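Listed below are the residues making up each chain.
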Amino acid sequence: MTTTTVPEFQHRTVLLDEAVAALALDGARANGVFVDGTFGRGGHSRLILSKLGANARLIAFDKDPQAIATAEQIKDPRFTIVHDSFATMRAALAAEGVDKVDGILLDLGISSPQVDDAARGFSFRNDGPLDMRMDTTRGISAAEWLATENEQTLEKVIKEYGEERFAFQIAKAIVARRAVEPISTTRQLAGIVAGAVKTREKGKDPATRTFQAIRIFINKELEDLEVGLNHAYDSLAPGGILAIISFHSLEDRMVKRFFASKANVEQPDRRLPIRAADLPQPELKLLAKIKPSDQEVDENPRARSAVMRVARRLPIPEGA
């Protein structure tokens, strides 16, 4: 039997207290069923467990084998870890005998140990193999994808997922370099991007947007989020709370639009003879939009782009 060794990298959970407070783990809710859709290194899960009652349940998800190894160290009968994306939430909850839950937390950020471990290939600052997979047990690595993808698709991914205005030049440079030698390390890719990007925002590495784009694509992050939002909503009991922490504009835009689609219901013409009880009703109530404090950003610069949106599923109106 093999065991997974978890490297010692420090992780500081963003919006730790605020996220757990948003789930309102008091009163009768303390014995409810909750989901941590992105376990990471367990900061949110551990604090949630410390506030839950004896009859509560917490079901966590993560794609990263190292995160799973960390989660398996939690010896708490109330806690279950699932090695998969939160996009599988509905089926996974059903397998656990759970129909509806009282709260769901999704922290969409990449964890610090993933970034700091050069062997994972997420960072352009540390040279390592160009992998970038959250789940190293399945799928293709970034290096494998860059070796075979056509220039047009490379440009599209870098432009759309990285919001990179030099996507054409970067894609062209990647194709030219791979014709000479394999692009297999993070330092190689960062150097190619630096040579193709002529200007950049002050204080930001030229490779930032490209690395973000490739990571999002390789891990199907936006696809998972689209599916996961619907699974999360369907899994919420009336009164259940959904809290989502985003770290870049693409994610936050998706979350904002999804929340708005459930909270802002188009009403029919007021001149029509429709009873108030028969009017379309909102399904979510928007509760909060929270950003890290200045102190948290000073202590953990990786928190600077975070934004948490919180909503509660409304009860079904009587007679509906």
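Here the structure is a predicted model, which means the values were calculated and not measured.

**Looking at the packing of aromatic side chains**
Alright, step 1. Counted under the stated rule, the structure contains five aromatic pairs.
Alright, step 2. Between the aromatic rings of F124 and F211, the centroid separation amounts to 5.4 Å while the plane-to-plane angle is 80°, which identifies the pairing as edge-to-face. Residue F124 is found in the loop between helix 5 (112-116) and helix 6 (142-148), and its partner F211 is found in helix 10 (residues 208-218); the two are separated by 87 residues along the sequence.
Alright, step 3. By the ring-pair criterion, three or more aromatic residues cluster together here, those being W145, Y161 and F217.

**Regarding the nonpolar core**
Alright, step 1. One finds L130, M132, L146, I170, I174, L189 and I214 to be the most contacted residues of the largest nonpolar core, which totals 33 residues.
Alright, step 2. Residues V20, L23, I48 and A71 belong to the second largest nonpolar core, which totals 29 residues.

**Concerning the pattern of salt bridges**
Alright, step 1. In this structure the tally under the stated criterion is 13 salt bridges.
Alright, step 2. Where salt bridges share partners, they join R41, D64 and R120 into one cluster.

**Regarding the packing of helix 9 (residues 186-196) against helix 10**
Alright, step 1. Close contact between helix 9 and helix 10 brings their axes to 9 Å; oriented N to C, the two are set at 125°. The orientation of helix 9 relative to helix 10 falls into the category oblique. In the crossing of helix 9 with helix 10, the sense of the turn from one axis to the other is right-handed. Taking contact as the criterion, the partners of T186, L189, A190 and V193 in helix 9 are, on helix 10, T210, F211 and I214.
Alright, step 2. Class assignment for the residues of the contact of helix 9 with helix 10 results in five nonpolar, two polar and no charged.

**Notes on the environment of L225**
Alright, step 1. Note that L225 resides in helix 11 (residues 221-235).
Alright, step 2. Not counting residues within four places of it along the chain, the set of residues in contact with L225 comprises F86, L108, E251, M254 and V255.

**Looking at the environment of I183**
Alright, step 1. Within the element layout of this structure, I183 appears in the loop between helix 8 (167-178) and helix 9.
Alright, step 2. Sequence separation between I183 and T80 is 103 residues, and the spatial gap between their C-alpha atoms is 39 Å.

**What to know about the sheet that holds strand 1 (residues 33-36)**
Alright, step 1. The strand order across the open sheet formed by seven strands is 3-2-1-4-5-7-6, and the pairing between neighbours is mixed. Every other strand in the sheet has two partners, leaving strand 3 (79-83) and strand 6 (284-290) as the edge strands with one partner each. With strand direction ignored, the average angle separating the axes of adjacent strands in the sheet is 15°.
Alright, step 2. Taken together, the five bridges between strand 2 (residues 57-62) and strand 3 define a ladder with parallel strand orientation. In the strand pairing of strand 3, L58 is matched with F79.

**Considering the pairing of strand 5 (residues 236-246)**
Alright, step 1. Taking burial as the measure, the eleven residues of strand 5 include nine buried ones, the bulk of the element.
Alright, step 2. By the bridge criterion, six bridges tie strand 4 (residues 101-107) to strand 5 in an arrangement that is parallel. Bridge pairing in strand 5 links I104 to L242.
Alright, step 3. Pairing analysis gives six bridges linking strand 5 to strand 7 (residues 307-313), with the strands arranged antiparallel. Counted as the bridge partner of L242 is A311 from strand 7.

**Regarding the side chain of T13**
Alright, step 1. Secondary-structure assignment places T13 in the segment before helix 1 (16-22).
Alright, step 2. A residue is classified by how much of its surface remains accessible, and T13, at 18% relative accessible area, is buried.
Alright, step 3. Aside from chain neighbours lying at most four places away, what touches T13 is G43, H44 and E296.

**Remarks on a positive patch on the surface**
Alright, step 1. Side chains of K256, R257, K289 and K291 sit close together on the surface and give a patch of like positive charge.
Alright, step 2. Relative to the helices and strands, K289 resides in strand 6.
Alright, step 3. Taking relative accessible area as the criterion, K289 reaches 52% and is therefore assigned exposed.

**Points about helix 2 (residues 43-51)**
Alright, step 1. For helix 2, the complete set of buried residues consists of H44, S45, L47, I48 and L49.
Alright, step 2. On its buried side, helix 2 packs onto helix 1, strand 1, strand 2, strand 3, strand 4 and strand 5.

**Some remarks on the packing of helix 7 (residues 151-162) against helix 10**
Alright, step 1. Where helix 7 meets helix 10, the closest approach of the two axes is 8 Å, and the angle between their N-to-C directions is 100°. Taken together, the axis directions place helix 7 and helix 10 in an arrangement best described as roughly perpendicular. In this structure, helix 7 uses V157, I158, Y161 and G162 to contact helix 10, whose residues at the interface are R209, T210, Q212, A213, I216 and F217.
Alright, step 2. Of the residues that constitute the contact of helix 7 with helix 10, the class distribution is six nonpolar, three polar and one charged.

Rules behind the numbers
Residues numbered from 1 in each chain as written. Predicted model: local features only at pLDDT ≥ 70, side-chain atom pairs only at ≥ 80, totals over all residues. Heavy atoms only, no water. Phe/Tyr/Trp six-rings, centres within 6.5 Å; stacked < 30°, edge-to-face > 60°. Helix = DSSP H or I, 4+ residues; strand = E, 2+ residues; numbered from the N terminus. Core = buried A, V, L, I, M, F, W, Y, C linked by side-chain atoms within 4.5 Å. Buried < 20%, exposed > 50% of the residue type's maximum accessible area, 1.4 Å probe, protein only. Salt bridge = Lys/Arg side-chain N within 4 Å of Asp/Glu carboxyl O. Axes fitted to C-alpha atoms, helices over the stretch in contact; angles between N-to-C directions. Parallel < 35°, antiparallel > 145°, perpendicular 65-115°, else oblique. Left-handed = near helix turned anticlockwise from the far one by under 90°. Contact = heavy atoms within 4.5 Å. Nonpolar A, V, L, I, M, F, W, Y, C, P; charged D, E, K, R; others polar. Pairing = 2+ DSSP bridges. Patch = residues over 30% accessible without salt bridge, like charges linked within 9 Å, V, L, I, M, F, W, Y side chains within 5 Å. Areas by Shrake-Rupley, 256 points an atom, 1.4 Å probe, with all protein chains shown as cover. Lys, Arg positive; Asp, Glu negative; His and termini not counted. Charge placed at Lys NZ, Arg CZ, Asp CG, Glu CD.

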